[in-house]
Amino acid sequence: MDRIDEETRTPAPPVTFTGRKTLVAAAVAVVLIAAALLIRPARGGDDGRPPGPTERAAAAVTMGAPAAAVDLTALVADREKWVAAHPEDDASWSVLGAAYLEQQRRTADSAWFPKAEKALKRSLEVRPAEKGNFDAMTGMGTLANARRDFGTGRKWGELVRAQAPRRWTAYPVLVDAYTGLGDYKAAQKAMEQLLELRPGLAAYVRASQVYRDRGWREDAMVAMEHAAGAAKGPAEKAYALFRLGELSFERGDAAEALRQYEGALRTDPAQAQALGGRARALAALGRGGEAVRDYRLALGRTPVPQLALELGELLESLGREQEARAPFDMLSALAAREGANGVDDDVVLGLYEADHGDAAAAVRRLSQEWSRHKSVQVADALGWALHKAGEDAAALEYAKKATEPGLRSAEFAYHRAMIERGVGDEAATRRHLEEAMRTNPRFSPVRGPLAKEALAAIGRPAAGGPENMQPATPWVAPVLPKAAKPTPTAPATPPTPAPTPTPTP
């Protein structure tokens, strides 16, 4: 049976020269396609596969947006390995510098700043600023602002804008720098240009910041809600929710702030800034034990002087003065560490010294800070330090600079009220204490109760209004002349009609 099949089977045609060429060409094509799939450096925009961790983080940091912690770690490792083998790749050095800056924002570890500076400067060495290395220039401006060196941040931002006015990445740097310098009109103008060039997360966050500084609370909330809607990942969404919580707390809605902070933590559990915010909201709601727990957790993740100051004051308000010494000591150590990495913490240190240390030293520190940065935050801190040093007349001038541009801050209003009480202006004291209570009656576990007590001690103004509005003598109704009665006039006599002539016969 097998032999019959072999005999009856149709023999295969011989392979001709043309057939052999076709087979070889097909084999070569298969090899080339496989090689292309293996060695291609990046996926095109039409690739349906989702981006990997390094791609997601690179896209975020180059857009000035928050990146997920895991993605960011992958990006740093990937770029460090790459630039070690390709030290002349200026673009990769810029991406690495931006990734270091995002690591600092997430961890609050200022040791990332020198690394970021080194990477960005290396990028500028490979491709100088005059050749249009805009990414590195923008990174240097962002670095300066993060260190609170706003004058340097402004210089880098303006340099990018001068060379490329339509490059949108310069404008977030300029908004932050102008705000830190106290030039709020320039900050608003830069924000408007940013919204025109690139509406999105970065633009809406800066718009909210500018509106807040102007005192336009509703606009600030709406802009931040737009930022949350523009978020493209959990890290961006969590950051926007954290900022919404900050706005809610400032207007005195601690319950809503707590809801926003917890939403941020659910969205991104590594969002340590929201953990500090939750501690602040819990303290305002009278949940002191939980607030202490969250402050300590937040300091473990992001050790910054501001959180240490808030924890120390909360412990003082709870009658735990001995425990408060630990966070206050931590504050000084953290500020010294950050100062070694180029960070300016003079406002926090000045407020701490004014309330808990040497007020004269606070005045000296904050006077130097005012010569560099004339923001409302510096003006408020310097005014408060002068008040604590017994110089209320000078303090009032700075308190006015802090409160008059528009920012609605219960802390600022309380500081101004106490300064005005020091100069003997009771009416102004009452007005600004009431403003503090309307804005946020639980703005501080220490100063909130003090503001309430001070307002109760002043009491209400006397009935009838201020003294300078009262008449010197009792009011007497004036005697008005009587109006003359009109003389009646006789009705007009109608004219006598002319006699009708008698006709002549």
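Above: the structure in question.
Before going into details, it helps to say that this report is about the structure given with it. (Residues numbered from 1 in each chain as written. Predicted model: local features only at pLDDT ≥ 70, side-chain atom pairs only at ≥ 80, totals over all residues. Heavy atoms only, no water.)

Remarks on the overall build of the protein chain
Then, in step 1: What the protein chain contains, in helices and strands, is 25 helices and 0 strands.
Then, in step 2: Per-residue burial over the protein chain gives 45% buried out of 505 residues.
Then, in step 3: Taking as baseline every contact in the protein chain between residues at least 6 positions apart, the subset at least 24 positions apart corresponds to 54%.
Then, in step 4: Surface exposure of the protein chain reaches about 27,300 Å², of which carbon and sulfur atoms provide 58%. (Helix = DSSP H or I, 4+ residues; strand = E, 2+ residues; numbered from the N terminus. Buried < 20%, exposed > 50% of the residue type's maximum accessible area, 1.4 Å probe, protein only. Contact = heavy atoms within 4.5 Å. Areas by Shrake-Rupley, 256 points an atom, 1.4 Å probe, with all protein chains shown as cover.)

A word on the environment of Y398
Then, in step 1: Note on placement: Y398 falls in helix α22 (residues 392-403).
Then, in step 2: Along the chain, Y398 and R416 lie 18 residues apart, while their C-alpha atoms are 9.0 Å from each other.
Then, in step 3: Discounting chain neighbours no more than four positions away, the residues touching Y398 are W370, A379, L382, G383 and L386.

Some points on the packing of aromatic side chains
Then, in step 1: Inspection of every chain in the model, using the stated rule, returns 8 aromatic pairs.
Then, in step 2: With a centroid separation of 6.3 Å and 45° between ring planes, the pair formed by Y239 and F242 is classed as tilted. Here the residue Y239 and the residue F242 both occupy positions in helix α13 (residues 234-250), the gap between them amounting to 3 residues, near one helical turn.
Then, in step 3: Its relative accessible area of 8% is what places F242 among the buried residues.
Then, in step 4: Measuring from ring centre to ring centre gives 5.5 Å for W370 and Y398, while their planes differ by 90°; the resulting arrangement is edge-to-face. Of this pair, W370 sits in helix α20 (residues 359-372) while Y398 sits in helix α22, and the two are 28 residues apart along the sequence.
Then, in step 5: Residue classification places W370 among the buried residues on the basis of a relative accessible area of 14%.
Then, in step 6: Overall, Y398 belongs to the partly exposed group, its relative accessible area being 22%.
Then, in step 7: Aromatic ring contacts, followed pair by pair, group Y239, F242 and Y261 into a single cluster.
Then, in step 8: In this arrangement the basic side chain of K115 is found over the ring face of W112, its NZ or CZ atom lying 4.7 Å from the centre. (Phe/Tyr/Trp six-rings, centres within 6.5 Å; stacked < 30°, edge-to-face > 60°. Lys NZ or Arg CZ within 6 Å of the ring centre and 35° of its normal.)

With respect to the pattern of salt bridges
Then, in step 1: The final tally for this structure, using the stated rule, is 33 salt bridges.
Then, in step 2: A salt bridge links R148 to D345; the nearest nitrogen and oxygen atoms lie 2.9 Å apart. Of this pair, R148 sits in the loop between α7 (134-146) and α8 (150-163) while D345 is found in the loop between α18 (321-340) and α19 (346-356), placing the two residues 197 residues apart along the sequence.
Then, in step 3: By relative accessible area, which is 35% here, R148 ends up partly exposed. (Salt bridge = Lys/Arg side-chain N within 4 Å of Asp/Glu carboxyl O.)

Brief notes about helix α23 (residues 410-422)
Then, in step 1: Helix length check: α23, at 13 residues, gives a terminal C-alpha distance of 18 Å against a target of 18 Å (1.5 Å per residue), a fit within 8%.
Then, in step 2: α23 sits mainly inside the fold: 11 of its 13 residues count as buried.
Then, in step 3: When α23 is considered as a whole, its buried residues turn out to be A410, E411, F412, A413, Y414, H415, R416, A417, M418, I419 and E420.
Then, in step 4: The secondary structure elements touched by the buried residues of α23 are α19, α21 (376-388), α22, α24 (426-439) and α25 (447-458).
Then, in step 5: One side-chain oxygen of the residue at the start of α23 lies 3.4 Å from the amide nitrogen of E411, identifying that residue as S409.
Then, in step 6: Downstream of α23 by one or two residues, G424 has phi in the positive range, about 85°. (Expected span 1.5 Å × (residues − 1). Polar contact = N/O pair within 3.5 Å; in protein donor to acceptor, adjacent residues only side chain to side chain.)

Quick notes on the nonpolar core
Then, in step 1: One finds L96, Y100, L124, M137 and L331 to be the most contacted residues of the largest nonpolar core, which totals 93 residues.
Then, in step 2: Ignoring sequence-local partners within four residues, the contact set of L96 consists of V76, R79, E80, V83 and A119.
Then, in step 3: Core analysis: the next-biggest nonpolar cluster, separate from the first, contains 34 residues, L366, L433, F443 and A454 among them. (Core = buried A, V, L, I, M, F, W, Y, C linked by side-chain atoms within 4.5 Å.)

Some words on the side chain of T403
Then, in step 1: Within the secondary structure, T403 sits in helix α22.
Then, in step 2: Looking at T403, the relative accessible area reads 19%, which means it is buried.
Then, in step 3: At a separation of 2.9 Å, a polar atom in the side chain of T403 contacts the main-chain carbonyl oxygen of A399.
Then, in step 4: Dropping the residues within four chain positions of it, T403 is found in contact with F412 and R416.

Regarding the packing of helix α5 (residues 90-107) against helix α6 (residues 112-126)
Then, in step 1: Taken N-terminus to C-terminus, the directions of α5 and α6 make an angle of 165°; their axes are 8 Å apart at the nearest point. Between α5 and α6, the interaxial angle falls into the category roughly antiparallel. Relative to α6, the crossing made by α5 is left-handed. Where α5 approaches α6, its residues D90, W93, S94, L96, G97, Y100, L101, Q103, Q104 and T107 are matched on the opposing element by W112, F113, K115, A116, A119, L120, R122, S123 and V126.
Then, in step 2: Residues belonging to the contact of α5 with α6 are distributed by class as follows: 10 nonpolar, 6 polar and 3 charged. (Axes fitted to C-alpha atoms, helices over the stretch in contact; angles between N-to-C directions. Parallel < 35°, antiparallel > 145°, perpendicular 65-115°, else oblique. Left-handed = near helix turned anticlockwise from the far one by under 90°. Nonpolar A, V, L, I, M, F, W, Y, C, P; charged D, E, K, R; others polar.)

Looking at the packing of helix α4 (residues 69-85) against α5
Between two packed helices, what matters for the description is the angle formed by their axes and the separation of those axes.
Then, in step 1: At a minimum axis separation of 9 Å, α4 and α5 run at an interaxial angle of 145°. For the element pair α4 and α5, the recorded crossing hand is left-handed. Here α4 contributes A69, L72, T73, L75, V76, R79, E80, W82 and V83 to the contact with α5, which in turn contributes S92, W93, V95, L96, A99, Y100, E102, Q103 and R106.
Then, in step 2: Classifying every residue of the contact of α4 with α5 gives 11 nonpolar, 3 polar and 4 charged.

What about the environment of A456?
Then, in step 1: Take A456: it is sitting in helix α25.
Then, in step 2: Residue A456 is classed as exposed on the basis of its relative accessible area of 63%.
Then, in step 3: Residues A456 and L433, 23 residues apart in the sequence, show an inter-C-alpha distance of 9.9 Å.

Describing helix α9 (residues 170-181)
Then, in step 1: Under the 1.5 Å per step criterion, the end-to-end length of α9 is 17 Å for 12 residues, consistent within 8% with the ideal 16 Å.
Then, in step 2: Taking burial as the measure, the 12 residues of α9 include 12 buried ones, the bulk of the element.
Then, in step 3: Listed in full, the buried residues belonging to α9 are A170, Y171, P172, V173, L174, V175, D176, A177, Y178, T179, G180 and L181.
Then, in step 4: Considering only its buried residues, α9 is in contact with α7, α8, α10 (184-197), α11 (201-214) and α20.

Some words on the side chain of S92
Then, in step 1: Within the element layout of this structure, S92 appears in helix α5.
Then, in step 2: A relative accessible area of 5% places S92 in the buried class.
Then, in step 3: Once you skip the residues sitting within four places of it in the chain, S92 turns out to touch R79, W82 and V83.

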